[in-house]
Amino acid sequence: MTPSNRTVDTPAVELVAPDITPYRGDGPIPWITTFEAGPPGPHVAITALVHGNEITGAIALDWLLRRGVRPVRGRLSLAFANVAAYHRFDAHDPTASRWVEEDLNRLWDHATLAAPRRSVELERARALRPWVDGVDLLLDLHSMQSAGPPLTLAGLHPKGVRLAEATGTPSLVVTDAGHASGRRLRDYAAFGRAEGARAAILVESGQHWARSSADVAIESAVRFLRATGVVERGWAAGEVATAAPAPPVRIEVTEAVTVRSRRFTFTADYGGLDVVPERGTVIATDDDRPVVTPHDDCVLVMPSRRLWPGHTAVRLGRFVR
C-alpha cells in the first residue's frame, strides 16, 4: 500500500498556487514550453512540480513565462512535471497532493521506467523521458517540509558542484547519492554519471509554502539561466540582482539513514542543518536500534517527517572546509 501523503503539524500556506492552465501547450508532451534560439547552444531546462504540493517551482516558472523569458542561444524548456497531483492541491490540506499514487522523484532509472507496472506517476515519467534525454543542463525546483536554510543538492560529481556554484543561489551546496527508495530525476542517466557535460542540480528553496521560498525559487531560476548562458547575464536585473551571491558552502553527505521499521523516532525535534558536536550521539531509534552520528560535527540535512519504512529519515554530513 502506498503511504499517505499527509503529515502532522502542517505549516501555514502563505502562497497562492498559480493557474498553470495557459501552459499546457499543444506539443507532443503536455505541460512543457520550449523556445529555440538561432545561435547554437545547450538545451537548458527547469522542472517544477515533481511533487504536486511544492508550489514554489510553479510560481517561479509562471514568473519566467509572464516576463517573456527567451533564450539567446540554444534551447530553453520549462516543464511542469506532476500536474495531476498539482491539480489536487488544496491550501486547507496541502500535504495531500504530493503525488497521486507514488513519488515521481523515485522512478528515474531504466529498469523502473521499463517495468510493466503502471501508475499515474510512472506514466508521466515515461512520457517525460524522451524529453529529459535531450536536456543538457537541468534545474529541478523543490521545497522542504520544515523551515530551514535553502540548499542545492548537486549529486556526487564535480560537474554538479560546478553547476550549483555557478548558479550561486542557494549558497549551501550538498553532495549526496540520493535515496535507497529510488532514483531522483537529478540523478537520472547521464546526469548521475561522472563523465560527460550533461549535469543537473536540485534546489530546495525552503519550507514548502513560505513566501521567502518562492523568492528563492525565482532567484535560483534566474541565476541558473544566466549561469548556463541561455539568457543574457543581465536578464531580469531589475528584479534579481546581478551581483555575486554569498560564497558557496559545501556539505558532504556521508550517510543517508533509511527507515527500517514503523517505530522510527527522533530523540529531539531536529531542524534543517542542526550540527551534533560529538560522534556516537544517539539522534533516533529505529525499533530498538539506535541511530548514532558517525563523526564529530555531524550535520543533519533535511530530517523528514515522513518516517515510513524504506524512506530516508535524514542525511548525515559534514561541512567541507
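Residues numbered from 1 in each chain as written. Predicted model: local features only at pLDDT ≥ 70, side-chain atom pairs only at ≥ 80, totals over all residues. Heavy atoms only, no water.

Colleague: Which parts of the structure should I look at to understand the overall build of the protein chain?
Modeller: Assigned secondary structure in the protein chain consists of six helices and 14 strands. For the protein chain, the C-alpha radius of gyration of 19 Å lies close to 20 Å, the compact-globule estimate for 321 residues. Projecting the C-alpha coordinates of the protein chain onto the three principal axes gives extents of approximately 60 × 45 × 40 Å. Looking at the protein chain as a whole, 55% of its 321 residues qualify as buried. Across the protein chain, every contact between residues at least 6 apart in sequence was considered, and the portion connecting residues at least 24 apart equals 70%. Roughly 13800 Å² of accessible area belongs to the protein chain as shown, and the carbon and sulfur atoms make up 51% of that amount. (Helix = DSSP H or I, 4+ residues; strand = E, 2+ residues; numbered from the N terminus. Rg over C-alpha atoms; globule rule 2.2 N^0.38 Å. Buried < 20%, exposed > 50% of the residue type's maximum accessible area, 1.4 Å probe, protein only. Contact = heavy atoms within 4.5 Å. Areas by Shrake-Rupley, 256 points an atom, 1.4 Å probe, with all protein chains shown as cover.)

Colleague: Help me understand the packing of aromatic side chains, please; the structure alone is not making it clear to me.
Modeller: Two measures describe an aromatic ring pair: the distance that separates the ring centres and the angle between the ring planes. In this structure the tally under the stated criterion is six aromatic pairs. Relative to Tyr270, the ring of Phe266 has its centre 6.1 Å away and its plane inclined at 80°; by these criteria the two rings are edge-to-face. Under the relative-accessibility criterion, Phe266 is labelled buried at 16%. Put simply, the rings of Phe264, Phe266 and Tyr270 touch in pairs and so form one group of aromatic residues. The cationic tip of Arg198 hangs over the ring face of Phe191; the distance from NZ or CZ to the ring centre is 4.8 Å. (Phe/Tyr/Trp six-rings, centres within 6.5 Å; stacked < 30°, edge-to-face > 60°. Lys NZ or Arg CZ within 6 Å of the ring centre and 35° of its normal.)

Colleague: Even after reading the chapter, I still don't get the pairing of strand E7 (residues 199-207), so can you show me in this structure?
Modeller: Every regular strand shows the same layout, with side chains that alternate between the two sheet faces. Among the nine residues of E7, nine are classified as buried, and the element is accordingly described as predominantly covered. Relative to E7, strand E5 (residues 151-153) runs antiparallel, the two sharing three bridges. Paired with Thr152 across the strands is Val203, a residue of E7. (Pairing = 2+ DSSP bridges.)

Colleague: What exactly am I supposed to notice about the pattern of salt bridges here?
Modeller: Any two side chains of opposite charge can pair, so long as their charged atoms come close to each other. Tallied over the full model, the rule gives 17 salt bridges. Close ionic contact of Arg66 with Asp62 constitutes a salt bridge, the shortest N to O distance being 2.8 Å. With Arg66 and Asp62 both in helix H1 (residues 56-66) and four residues apart, this pair spans about one turn of that helix. Glu239 is paired through a salt bridge with Arg67; the nearest N and O atoms lie 2.9 Å apart. (Salt bridge = Lys/Arg side-chain N within 4 Å of Asp/Glu carboxyl O.)

Colleague: Can you help me understand the nonpolar core in this one?
Modeller: Soluble globular proteins: nonpolar side chains tend toward being buried together. Residues Ile46, Leu64, Phe80, Phe224 and Leu225 are the most contacted members of the largest nonpolar core, which totals 48 residues. Among the secondary structure elements, those contributing two or more residues to this core are strand E2 (43-48), H1, strand E3 (75-80), helix H2 (83-86), strand E4 (137-144), helix H5 (158-167), E7 and helix H6 (211-228). Other than its neighbours up to four places away in sequence, Ile46 contacts Leu61, Leu64, Ser77, Leu78, Ala79, Leu139, Leu141, Ala221, Phe224 and Leu225. Counting 22 residues, the second-largest nonpolar core is a separate cluster that includes Ile32, Leu107, Val132 and Leu185. (Core = buried A, V, L, I, M, F, W, Y, C linked by side-chain atoms within 4.5 Å.)

Colleague: Just checking my understanding: could you explain the environment of Leu139 for this structure?
Modeller: Along the polypeptide, Leu139 turns up in strand E4. Distance in space between the C-alpha atoms of Leu139 and Val44 is 8.3 Å, their sequence separation being 95 residues. Here Leu139 is in contact with Ala45, Ile46, Thr47, Ile201, Val203, Ser220, Ala221 and Phe224, once residues within four sequence places are set aside.

Colleague: Would you explain the confidence of the model for the protein chain in this entry?
Modeller: Interpretation of the predicted coordinates at a detailed level should be avoided for regions scoring low in pLDDT. Model confidence for the protein chain is summarised by a mean pLDDT of 95, while 97% of its residues fall at 70 or above. Contacts of residues 1-7 to residues separated by more than four positions or lying in other chains number 19 contacts, the stretch itself having pLDDT below 50. (pLDDT = per-residue confidence, 0-100.)

Colleague: For this particular structure, what's the right way to read the layout of surface pockets?
Modeller: Reported here for the largest pocket is a volume of approximately 520 Å³. Lining of the largest pocket is provided by 38 residues; of these, Gln145, Met302, Pro303, Ser304 and Arg306 occupy positions nearest its centre. Elements represented by at least two residues in the lining of the largest pocket include exactly E4, E7 and strand E14 (312-320). Its boundaries defined by the atoms lining it, the second largest pocket holds a volume of some 220 Å³. If you go around the second largest pocket, you meet 17 residues; those closest to its centre are Ala166, Thr167, Arg223, Arg233 and Pro245. When contributions to the lining of the second largest pocket are tallied by element, the ones reaching two or more residues are H5 and H6. For the lining of the second largest pocket, the per-class residue count stands at nine nonpolar, four polar and four charged. (1 Å grid on protein atoms, 1.4 Å probe; cavity = no way out; pocket = protein on both sides within 12 Å on 5 of 7 lines; lining within 4 Å. Points joined across faces, edges and corners; volume = space filled by probe spheres on them. Nonpolar A, V, L, I, M, F, W, Y, C, P; charged D, E, K, R; others polar.)

Colleague: It is not clear to me how the sheet that holds strand E6 (residues 172-175) should be interpreted in this structure. Could you clarify?
Modeller: Neighbouring strands of a sheet are bound in pairs by backbone hydrogen bonds; such pairs are parallel or else antiparallel. Taken in spatial order, the eleven strands make up an open sheet running E1-E3-E2-E4-E7-E5-E6-E8-E14-E13-E10, and their pairing is mixed. Each edge of the sheet is formed by a strand with only one pairing partner; in this case those strands are strand E1 (32-36) and strand E10 (274-276). On average, each strand axis in the sheet is tilted by 25° relative to the strand beside it, whichever way the strands run. For strand E13 (residues 298-301) and E14, the ladder comprises three bridges, and the chain directions are antiparallel. Paired with Leu300 across the two strands is Leu316, which belongs to E14. (Axes fitted to C-alpha atoms, helices over the stretch in contact; angles between N-to-C directions.)

Colleague: Any chance you could explain the pairing of E6 here in plain terms?
Modeller: Of the two faces of E6, the one carrying Leu172 and Val174 and the one carrying Val173 and Thr175 are both buried. Inspection of the sheet shows E5 paired to E6 by two bridges, in the parallel sense. What sits directly across from Thr152, in E6, is Val173. Regarding topology, H5 serves as the crossover connection from E5 to the parallel E6, and that connection is right-handed. Where E6 lies against strand E8 (residues 249-258), four bridges are found, and the strand directions are parallel. (Right-handed = clockwise from strand over helix to strand, strands pointing away.)

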